[in-house]
Amino acid sequence: MADWAVHRPLPHDSADLHVAGAAAYVDDLPEPPGVLHLAFGHAADGHATLLSLDLDAVRAAPGVVAVFTAADIPGENNVGPVVHDETLLAEGEILYPGQPLFLVAATSTRAARRAARLGKAAVEPRSALVTIADARAAGSEIQETQIMARGQADASLGTASHRLAGTLEMGGQEHFYLEGQAALAVPGEQGQLHILSSTQHPSEIQHLAAKLLERSHAEIVVEVRRMGGAFGGKETQAAAFALACALAAAKTGRPAKFRADRDDDMIATGKRHDFVVDYDVGFDGGGRIAAIRIELASRCGATADLSPAINDRAMFHADNCYYLPAVEIVSHRLKTHTVSNTAFRGFGGPQGMMAIERVMDAIAAQLGRDPLDVRRVNLYGPGRDVTPYHMQITDNVAPELIDELAERAGYAARRTEVEAFNAAHNVLKKGLALTPVKFGISFTTTHLNQAGALVLVYADGSIHLNHGGTEMGQGLHVKIAQVVADVFGVPIDTVKVSSTRTDKVPNTSATAASSGADLNGMAAKNAAETIRKRLDAFAATDPDSANWAFPELCRRAHLNRISLAATGYYATPDIHYDRAAHRGRPFLYFAYGAALSEVVIDTLTGEHKVLAVDILHDVGRSLNPAIDLGQIEGGFIQGMGWLTTEELVYDARGRLLTHAPSTYKIPTANDRPARMEIAIWESGRNAEPTIHRSKAVGEPPLMLAISVFSALTQAVAAAAPGKGLPKLDAPATPERILAALGELRARNG
Amino acid sequence: MIRFLLDGEIVEIDGADPTDTVLDYLRYTLRRTGTKEGCAEGDCGACTVLLGEVAGDGVEWRAVNACILFLPMLDGKALRTVESLGGTHPVQKELVERHGSQCGFCTPGFVMSLYGRCIGAAGTRGVPVGDVIAGNLCRCTGYGPILAAGEAVPATADPDDGTLAALRTLRPAYRHPASADELADLLLAHPETRIVAGATDVGLWVTKQHRDLGPIVFIGDIAELRQMGESPDALTLGAAVRYSEAREPLARLHPDLGELVRRIGGVQVRNAGTIGGNIANGSPIGDMPPALIALGAELTLRRGAERRTIPLEDFFLSYGKQDLAPGEFVESVRIPRPSPDMLVRVVKLSKRFDSDISSVCGAFALHIADGLVTQARIAFGGMAGVPARAPHCEAALTGKAWTQASVEAAAQALTHDYDPLDDLRGSAAYRRTVAANLLRRIWAEQGEPVSVLHG
């Protein structure tokens, strides 16, 4: 057992299949005979009363087999995950442009999509609340405004020696998983249904489909082999497509498949929430915050979806790595007539963190100090270690990590070089910023922090592993196979991971909140250890057992009637949260990181380029450094896209105008900075007894990209020295950079 | 009937709808599902395949997007998909070893793009890996391991697997017009016929707009329309010359033209799309016309046996409307070679550098002699419904001393030339500001670096 599997940089378990084009996604599976292909008829316009649907032309179109409306749904017409406020097919009211109104089942995808365009909806248009400002003015909310506070922010603001206020707007983000939403439902015997779905949350689809069809959970099996990317976009939003298949299959008795067209997918599914942040901060001459009031407002869209939890997480991260002695965080969750925004890597955390990082830049600009100095004086530390939600920070490694990164990346010298460059150039200006990340790990809805696993050891010594987590590219399956291989002391390829199925592990949580390996890894370890103990006890009965290889041990155990199968279970310990008071310990621990980004802007066109990035990130003791590095780099680039090139543009009715890769621009290979130094923090260990002392890595690195936005802000500021902090909003498109420059130059002083 | 080669086997397709895509055929008829649909509009590269044709003594391969490639465009050609590689090509091995796949959905497209570069496919020779994969989107990896894998695989000669011999004997089976004359006759008889060259625009009318195109004719293989003529005076491009083929000759006219072509679509789009098609469709999102207009390009249109040659700018009448009579088609475009004393600048502004459509594209061709601007041709895209010249700006410069004051006056004059719109690519105010700044940048460039790409 020289080669332990954990902590090794093993390749993704499907890598060979990926490169060969042999990894099967939902739409790649052989189509069952008689399969129907589905398409939604979408609302063309926004908020309206739906008077009637004329679907005669749809029914008469070539290839159409059936057309369904809300009236055809036997049970509950709902895809809403928590609050049951979101229809599969509209009834009475159209809430947002792109909302599914009816469902077409046809003999081909093209026939279904063509026919879906022939539907006529008689509507009475109603006024639409589209923007955050619209909804705020109208008092339109998904949930009442939440307040998290510690100390007396208002009083302390009044007595602070320095004070400033400001606003920051940041746009949403489309997930742009490369595999669009897809599902296939196959009817079984006695009303059972097998649903293959590209989803992060098979159990939720099982439960929603059961309600839709008035069946029991046990009659519906949901299976996920792998997703072609998800990023939160398939946590709740996969449900509509899977339920459409369930409905069509149940009504026709034929298999039904839905693969969403990219444009339809982008129009009809939710995105990262856009936010408007207002802050009012009091601080001393050294830049240390005395008091702060942060007001967060987000566009939640037409239904609740996960917006309450997402906005909670924004509040939880409005401190980032900084101690806020007197703080009030106010969160408005606004209901608009736009597609319901949803989970996206970071889940509100990035928006909260953007707020406080802007505050750091604002204080630095006001005092004329190095922003890194301002960040440093505000870090959590001894005696300054309680969060706005009254949780004591006990694992604070941010100061150490920042120092190490600043040292290895040469922050001070590069800051001098950038200043020299800016002094010598008029058109091009550079900016440099180092920003840290502290991201809370655990679902903040406490009951979700549980997981199950099923481990089967066969008499030949091979091992089959199921757990509740889904594979979306993050390398979850290989990590958990590593954990199980180590329990038995067998080579990694002894352990086979198959698809995630609700009939193997029940009542699972979504694979989300970066928790996949933490929760399922522990559950799988627990299951494996149960079997390991039985094997050990059996081996102890025979003095020869030391000579048995693992297959021999298993063979003999079987002959001696030892059970070689076990389930495992894990529930995160020690966490609790009083939601009403916004107090408690919502997180088991924090993941940390820091990034230094250097950018250049063209002050005549607003174009920019990220020149160099240095990252140091804490993954605890990595389960798989190769997988973790991939998460760090990928997360960073995705975050960079959010803050730079990715712009969602809506019209006055809330129709999305950027609904395809031709108009919505995620980073390409050439946008990756030419110099990118990424390191896993060698000293990283989880202070909590997590799986092999590792830390979650899915979401935290995305927020490292805030350094890019900060650096861009510095570059704009350099174009008009002494005029303060530019009003740069995100995404920092050339247009926004140029606008920020224009506003800055026009200021007096 | 459509006849093509797939891994050495002749495949014949009978009775297909000519607007069926190669991607759907691969995935749902042949069940070769390694090739993925990511967007169905040629912007993500998940469906990248290689098309091969005989060129001289060998096979010229080119990466294209199968999602907007119509089946008849395969006729007489060889096709390779990710399955053709068998899973053990060096590109595939490097991607595994360097952890170049996460979710794996985009991976087959990257494999094909990098494999194309490895065997010297069109548009990849001497081209950095980053440019070769700029038409492939990955949302997971951040690209680092993919770039590294691409760098690690050396260029190798494509081992002759019999494709060349098979292609030489493969008889095309689809009824394409064999010559420009045949095309002219066909269009005269059936002026309603839709011309398809590379299908990078028309493909979307099918996959996205679900339009019935009616009768269509494929001109991508008509030899006369594929000719390029390069002389000391000018470059003439046949209507079916693809971007990737025109890039080097255009770059020889001026490096900015080469750079402009580099930033149009990805390699896959440039390997299918034609400059003639870009002009003929009057696409307001086409980036070549402003540059060509500034250089004084002329368009030759043909109807039956009649030809007429017009300045390119006169072809664009208004948004979506071109000076094209029924039965008439774009035959070629002639671009005069800029004289050595001419200052040429073409600048494309977009939210993303690669494979994006410009918010504003500015093109400047200035004759400056003895400190005096003797002639100025300036054209912009994104400032009006059509690519158009800037007469006030040109007049403000012409005959004036080449000074910062003249440049400033000319920048101000642009206000009278255009009344741009707000759209998803930029506001009118931004477009106005930045158009003027592009002129100012030409002045600034004399003293210091101005581009973030080369700064």
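Because the structure is predicted, anything quoted here is derived from the model rather than measured.

### Considering the packing of helix H10 (residues 349–367) of chain A against helix H18 (residues 706–718) of chain A
In a pair of packed helices, the angle between the axes and the distance between the axes together describe the arrangement.
All names here are of chain A.
Moving on, step 1. Look at H10 against H18: their axes get within 10 Å of each other, and the N-to-C directions meet at 30°. As judged from the angle between their axes, H10 and H18 are roughly parallel. Here H10 and H18 pass one another in a crossing that is right-handed. Mapping the contact onto sequence places Pro350, Met353, Met354, Glu357, Arg358 and Asp361 in H10 and Ile706, Phe709, Ser710, Thr713 and Gln714 in H18.

### Quick notes on the pattern of salt bridges
Moving on, step 1. Applying the stated criterion to the full structure yields 85 salt bridges over all chains.
Moving on, step 2. For the salt bridge of Arg333 of chain A with Asp312 of chain A, the shortest nitrogen-to-oxygen distance reads 2.8 Å. One end of the pair, Arg333 of chain A, is in strand E15 (residues 327–335); the other, Asp312 of chain A, is in helix H9 (residues 307–316), and 21 residues separate them in sequence. Comparing Arg333 of chain A with Asp312 of chain A shows no difference in burial state: the two are buried.
Moving on, step 3. Here Glu313 of chain B makes a salt bridge to Arg377 of chain B, at a shortest N to O gap of 3.1 Å.

### Some thoughts on the nonpolar core
Moving on, step 1. Counting 179 residues, the largest nonpolar core has Phe488 and Phe636 of chain A together with Phe380 of chain B as the members making the most contacts within it.
Moving on, step 2. By residue number, the principal contributor to this core is helix H15 (residues 516–539) of chain A, which donates eleven residues.
Moving on, step 3. For Phe488 of chain A, the contacting residues outside a window of four places in its chain are Val455, Val457, Ile463, Ala528, Ile531, Arg532, Leu535 and Phe550 of chain A.
Moving on, step 4. Within the second largest apolar cluster, 54 residues are counted, among which are Ala23 of chain A together with Ala46, Met112 and Ile119 of chain B.

### Some words on helix H19 (residues 734–746) of chain A
Moving on, step 1. Taking 1.5 Å per residue, 13 residues should reach 18 Å; H19 of chain A reaches 18 Å between its end C-alpha atoms and fits that length.
Moving on, step 2. When we look at burial in H19 of chain A, the residues that qualify are Pro734, Ile737, Leu738, Ala740, Leu741 and Leu744 of chain A. The buried side chains of H19 of chain A occupy one side of the element, clustering within an arc of 160° when seen end-on.
Moving on, step 3. Lining the buried residues of H19 of chain A we find strand E24 (589–602), strand E25 (608–617) and H18 of chain A together with helix H17 (428–444) of chain B.

### Description of the interface of chain B and chain A
Many descriptions give the size of an interface as the accessible area lost when the pieces come together.
Moving on, step 1. Each partner contributes residues to the interface: chain B has 83 residues there, and chain A has 81 residues.
Moving on, step 2. Remark: the boundary between chain B and chain A carries 13 salt bridges.
Moving on, step 3. Of the charged contacts, one joins Glu647 of chain A and Lys351 of chain B as a salt bridge, the two residues approaching to 2.7 Å between their closest N and O atoms.
Moving on, step 4. Across the chain B-chain A interface, the total number found is 41 residue pairs in polar contact (both at pLDDT 80 or more).
Moving on, step 5. Of all the secondary-structure elements, those providing two or more residues to the side of chain B that touches chain A are helix H1 (22–29), helix H2 (90–97), helix H3 (107–118), helix H4 (129–132), helix H5 (144–152), helix H8 (202–207), strand E15 (342–349) and H17 of chain B.
Moving on, step 6. Here the side of chain B that touches chain A gets eight residues from one element, more than from any other, and that element is H17 of chain B.
Moving on, step 7. Of the residues assigned to the side of chain B that touches chain A, the class counts are 32 nonpolar, 27 polar and 24 charged.

### Focus: the side chain of Ser350 of chain B
Moving on, step 1. As for its position among the elements, Ser350 of chain B is in the loop between E15 and strand E16 (360–369).
Moving on, step 2. When sequence neighbours within four positions are dropped, the list of residues in contact with Ser350 of chain B reads Pro734 of chain A together with Arg263, Asp356, Ile357, Ser358 and Ser359 of chain B.

### Concerning the pairing of E15 of chain A
Residue and element names in this part refer to chain A.
Moving on, step 1. Of all nine residues that make up E15, eight are buried, and the element is covered over most of its length.
Moving on, step 2. The sheet contact formed by strand E7 (residues 141–150) and E15 spans seven bridges and is antiparallel. The residue of E15 that forms the bridge with Ile147 is Val330.
Moving on, step 3. In this structure, strand E14 (residues 289–301) lies alongside E15, joined through nine bridges in parallel fashion. Paired with Arg293 across the two strands is Glu328, which belongs to E15.
Moving on, step 4. Regarding the hand of the β-α-β motif, the stretch spanning E14, H9 and E15 is right-handed.

### Some thoughts on the sheet that holds strand E2 (residues 9–13) of chain B
Residue and element names in this part refer to chain B.
Moving on, step 1. Taken together, the five strands give an open sheet; going across it, the order is E2-E1-E5-E3-E4, and neighbouring strands pair in mixed fashion. Each end of this open sheet is capped by a strand with a single partner; those strands are E2 and strand E4 (58–65). Within this sheet the neighbouring strands show an average axis-to-axis angle of 35°, counted without direction.
Moving on, step 2. Examined bridge by bridge, strand E1 (residues 2–6) and E2 share five bridges and lie antiparallel to one another.

### Brief notes about the packing of helix H14 (residues 476–488) of chain A against H15 of chain A
All names here are of chain A.
Moving on, step 1. One can describe the packing of H14 onto H15 by two numbers: an axis separation of 9 Å at closest approach and a directional angle of 25°. Classified by the interaxial angle, the pair formed by H14 and H15 is roughly parallel. As H14 runs across H15, the sense of the crossing is right-handed. Residues Leu476, Lys479, Ile480, Val483, Val484, Val487 and Phe488 of H14 form the contact with H15, whose participating residues are Gly516, Ala517, Asn520, Gly521, Ala524, Lys525, Ala528, Glu529, Ile531, Arg532 and Leu535.
Moving on, step 2. A per-class count over the contact of H14 with H15 returns eleven nonpolar, three polar and four charged.

### Topic: the packing of aromatic side chains
All names here are of chain A.
Moving on, step 1. Applying the stated criterion to the full structure yields 21 aromatic pairs over all chains.
Moving on, step 2. Ring centres 4.8 Å apart and planes at 85° place the aromatic pair Phe316 and Tyr389 in the edge-to-face group. Of the two residues, Phe316 is situated in helix H9 and Tyr389 in the loop between helix H11 (371–378) and helix H12 (398–409); the sequence distance between them amounts to 73 residues. The same class applies to Phe316 as to Tyr389, namely buried.
Moving on, step 3. With a centroid separation of 5.3 Å and an interplanar angle of 75°, the aromatic rings of Phe316 and Phe587 are classed as edge-to-face.

About the criteria used
- Residues numbered from 1 in each chain as written.
- Chains lettered and ligands numbered in written order.
- Predicted model: local features only at pLDDT ≥ 70, side-chain atom pairs only at ≥ 80, totals over all residues.
- Heavy atoms only, no water.
- Axes fitted to C-alpha atoms, helices over the stretch in contact; angles between N-to-C directions.
- Helix = DSSP H or I, 4+ residues; strand = E, 2+ residues; numbered from the N terminus.
- Parallel < 35°, antiparallel > 145°, perpendicular 65-115°, else oblique.
- Left-handed = near helix turned anticlockwise from the far one by under 90°.
- Contact = heavy atoms within 4.5 Å.
- Salt bridge = Lys/Arg side-chain N within 4 Å of Asp/Glu carboxyl O.
- Buried < 20%, exposed > 50% of the residue type's maximum accessible area, 1.4 Å probe, protein only.
- Core = buried A, V, L, I, M, F, W, Y, C linked by side-chain atoms within 4.5 Å.
- Expected span 1.5 Å × (residues − 1).
- Arc of directions from axis to C-beta.
- Polar contact = N/O pair within 3.5 Å; in protein donor to acceptor, adjacent residues only side chain to side chain.
- Nonpolar A, V, L, I, M, F, W, Y, C, P; charged D, E, K, R; others polar.
- Pairing = 2+ DSSP bridges.
- Right-handed = clockwise from strand over helix to strand, strands pointing away.
- Phe/Tyr/Trp six-rings, centres within 6.5 Å; stacked < 30°, edge-to-face > 60°.

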